[in-house]
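In case you want the letters, here they are:
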Protein chains: 2
Amino acid sequence: MSDGSFVSPAARARVRALAVPIAVGLGRLGLTPNGLTVIGFAIGLLAALAAAGQLWILAGLLVVFGGVFDLFDGALARATGRVSAFGGFLDSTLDRWGESLIYVGVIAGCLGVFNDGAVLAALAVTSASLVTYTRARAEAAGLHGEVGIAPRSERLAVLAVGLVITGLAGGVGPYVGLRPGDWISLPGDHRLVITSGQPWLALALAIVFVTSTITVIQRIWHVRGQAPGAGEPRR
Amino acid sequence: MSDGSFVSPAARARVRALAVPIAVGLGRLGLTPNGLTVIGFAIGLLAALAAAGQLWILAGLLVVFGGVFDLFDGALARATGRVSAFGGFLDSTLDRWGESLIYVGVIAGCLGVFNDGAVLAALAVTSASLVTYTRARAEAAGLHGEVGIAPRSERLAVLAVGLVITGLAGGVGPYVGLRPGDWISLPGDHRLVITSGQPWLALALAIVFVTSTITVIQRIWHVRGQAPGAGEPRR
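Definitions and cut-offs
Residues numbered from 1 in each chain as written. Chains lettered and ligands numbered in written order. Predicted model: local features only at pLDDT ≥ 70, side-chain atom pairs only at ≥ 80, totals over all residues. Heavy atoms only, no water. Salt bridge = Lys/Arg side-chain N within 4 Å of Asp/Glu carboxyl O. Helix = DSSP H or I, 4+ residues; strand = E, 2+ residues; numbered from the N terminus. Buried < 20%, exposed > 50% of the residue type's maximum accessible area, 1.4 Å probe, protein only. Axes fitted to C-alpha atoms, helices over the stretch in contact; angles between N-to-C directions. Parallel < 35°, antiparallel > 145°, perpendicular 65-115°, else oblique. Left-handed = near helix turned anticlockwise from the far one by under 90°. Contact = heavy atoms within 4.5 Å. Nonpolar A, V, L, I, M, F, W, Y, C, P; charged D, E, K, R; others polar. Phe/Tyr/Trp six-rings, centres within 6.5 Å; stacked < 30°, edge-to-face > 60°. Patch = residues over 30% accessible without salt bridge, like charges linked within 9 Å, V, L, I, M, F, W, Y side chains within 5 Å. Areas by Shrake-Rupley, 256 points an atom, 1.4 Å probe, with all protein chains shown as cover. Expected span 1.5 Å × (residues − 1). Disulfide = S-S within 2.5 Å.

A. Molecular detail of the pattern of salt bridges. Using the criterion set out here, one finds 12 salt bridges over all chains in the structure. Residue E99 of chain A pairs with R155 of chain B through a salt bridge whose shortest N-O separation is 2.8 Å. Here E99 of chain A, found in helix α4 (residues 85-111), pairs with R155 of chain B, found in helix α6 (residues 152-168), and the two come from separate chains. One exposure class covers both E99 of chain A and R155 of chain B, and it is buried. Between E99 of chain B and R152 of chain A there is a salt bridge, and its shortest N-O distance comes to 3.8 Å. Here the residue E99 of chain B occupies a position in helix α4 (residues 85-111), and R152 of chain A occupies one in helix α6 (residues 152-168), the pair thus bridging two chains. Residue classification places R152 of chain A among the buried residues on the basis of a relative accessible area of 17%.

If you want it as structure tokens, here you go:
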């Protein structure tokens, strides 16, 4: 598919051909191409949760399973003539979202202790990137995606205020983002307990995360209104 | 600009008008619109480094400065008739990249100790998102951006292998990603020193980060080859 990829176009085509009978079988069970796209996203979400819980092998297997499952939505759409601009947009957007959330899960899992600043920053960058992506992807499909409550300048303004207040509130030690009561387990049954936290940065990141996520959903809804349809192949 | 945004279109138009004389002045100093785009990206990079170093107020001020500076490239391109498809693509891509790197800096700053797994995962998700974004943005401009060595299936395969090996290598404690010799400062001049690390997940994330970043640069180069030009307004 892509020039210079590790996998040849011929190998990709063979894998795609193998997916068709399974995809058609899933269609006979009553699943639509867009339904398969949403199930693929849910598998990515499970992989993210497994990584966050340090269940690394399960996370890796779910990543593989989700990657294979991702072939079926496009295969079913092509096989049943239900290719649509909205289906392609939804597939691209949820693939991007699912992959990003897996990395957020890896970040949470690597920390071993809940750090709300780091995790919220990872969630914020994921949703903020999707705000930008959904617009470009909609325009690439000849549609419009520029609605939403959280464009870039507003996100940056909220983040800047959070950063400056955090600094003015006395700066932060190495435990910024940790909340009182959080702990880190030490060897030999000891715990490092966090006794003070700094809420301002986490609050700003939470605002960016929530408003960006709402904007992404607004954009998916907006594109759906322009181009209703059933499903399109992954590009 | 965007329906439902916090800022009215009229207010945005007034701010844009204020930027024109400054932008033209910067142009008289010999700077091109694309040059201003690259400088804006560099300001974002500095904001990211400041956040990573827990210099929160400086980071916040650099975010504001970068946001204002971002008005000038488009204003100069429009004022001097140097609007181009490549300029718009470069502006969108570097704006997206710069904003994402700021969140990576916030993640690093929130940790207070270098955690290579979490930071590499944040870098990997940033570059992987840009691989997807550059293609959609190029296609939205009527160009092609599907070159590159790291499409989604390859990224996911590398990540899955890293996750499974990490699990098979005995799982990980709360210190996954920390390398031997890293330490966390504790109150009262004590340090929590990390005595064992787990390189596999970090290695997989580093491969995804590096190959994705190369792919993004390949795509920018590829788009530039199709549509050489000087600069275009931010959309």
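After that view, the rundown keeps rolling.
B. Unusual backbone geometry, seen in detail. All names here are of chain A. Phi is positive for Q54, close to 60 degrees, though the residue is something other than glycine. Within the fold, Q54 resides in the loop between α2 (33-52) and α3 (56-79). For Q54, a relative accessible area of 24% puts it in the partly exposed group.

C. Representation of the packing of α4 of chain A against helix α7 (residues 199-226) of chain A in the model. Residues and elements named next belong to chain A. Between α4 and α7, the shortest axis-to-axis distance is 9 Å and the interhelical angle comes to 160 degrees. In terms of axis orientation, α4 runs roughly antiparallel to α7. Seen from above, α4 lies across α7 with left-handed handedness. Across from F86, F89, L90, T93 and W97 in α4, the residues of α7 making contact are T213, V216, I217, R219, I220, V223 and R224. Partitioned by chemical class, the residues of the contact of α4 with α7 number eight nonpolar, two polar and two charged.

D. Main features of the packing of aromatic side chains. Residue and element names in this part refer to chain B. Per the stated rule, a full pass over the model turns up eight aromatic pairs over all chains. On the basis of an interplanar angle of 55 degrees and a centroid distance of 6.0 Å, the ring pair of F65 and F69 is categorised as tilted. Taken together, the residues span about one helical turn, with F65 and F69 both in helix α3 (residues 56-79) at a distance of four residues. With a relative accessible area of 46%, F65 lands in the partly exposed category. Looking at F69, the relative accessible area reads 9%, which means it is buried.

E. Summary view of a nonpolar patch on the surface. All names here are of chain A. On the surface, a nonpolar cluster with roughly 430 Å² of combined accessible area is contributed by V161, I165, W200, L203 and I207. Mapped by element, the contributors of at least two residues to the nonpolar patch are α6 and α7. Broken down by element, the residue count for the nonpolar patch peaks at three residues, all from α7. Tracing the backbone through its elements, the reader meets L203 in helix α7. L203 gets classed as partly exposed once you look at its relative accessible area, which sits at 46%.

F. Region of the structure containing the packing of helix α2 (residues 33-52) of chain B against α4 of chain B. Residues and elements named next belong to chain B. At a minimum axis separation of 7 Å, α2 and α4 run at an interaxial angle of 5 degrees. Judged on the interaxial angle alone, α4 and α2 are roughly parallel. The residue inventory of the contact of α2 with α4, partitioned by class, reads 15 nonpolar, seven polar and one charged.

G. Inspection of the environment of A13 of chain B at higher detail. Positionally, A13 of chain B belongs in helix α1 (residues 9-28). Put simply, A13 of chain B and G162 of chain B are 149 residues apart on the chain and 49 Å apart in space, counted from C-alpha to C-alpha.

H. Highlighting helix α5 (residues 116-140) of chain B. Residue and element names in this part refer to chain B. Along its 25 residues, α5 runs 35 Å from first to last C-alpha, staying within 8% of the 36 Å computed at 1.5 Å per residue. Where burial is concerned, most of α5 is hidden: 23 out of the 25 residues are buried. Positive phi shows up at G142, right after α5, with a value of about 80 degrees.

I. Highlighting the environment of E154 of chain B. With respect to the helices, strands and loops of the structure, E154 of chain B is situated in helix α6. Considering only alpha carbons, one finds E154 of chain B and T211 of chain B, 57 residues apart in sequence, at a separation of 9.8 Å.

J. Inspection of the state of the cysteines at higher detail. Within this structure, the stated rule accounts for zero disulfides over all chains. No disulfide involves C110 of chain A; its sulfur sits 16 Å from that of C110 of chain B, the nearest cysteine. Classification of C110 of chain A by relative accessible area gives buried; the value is 0%.

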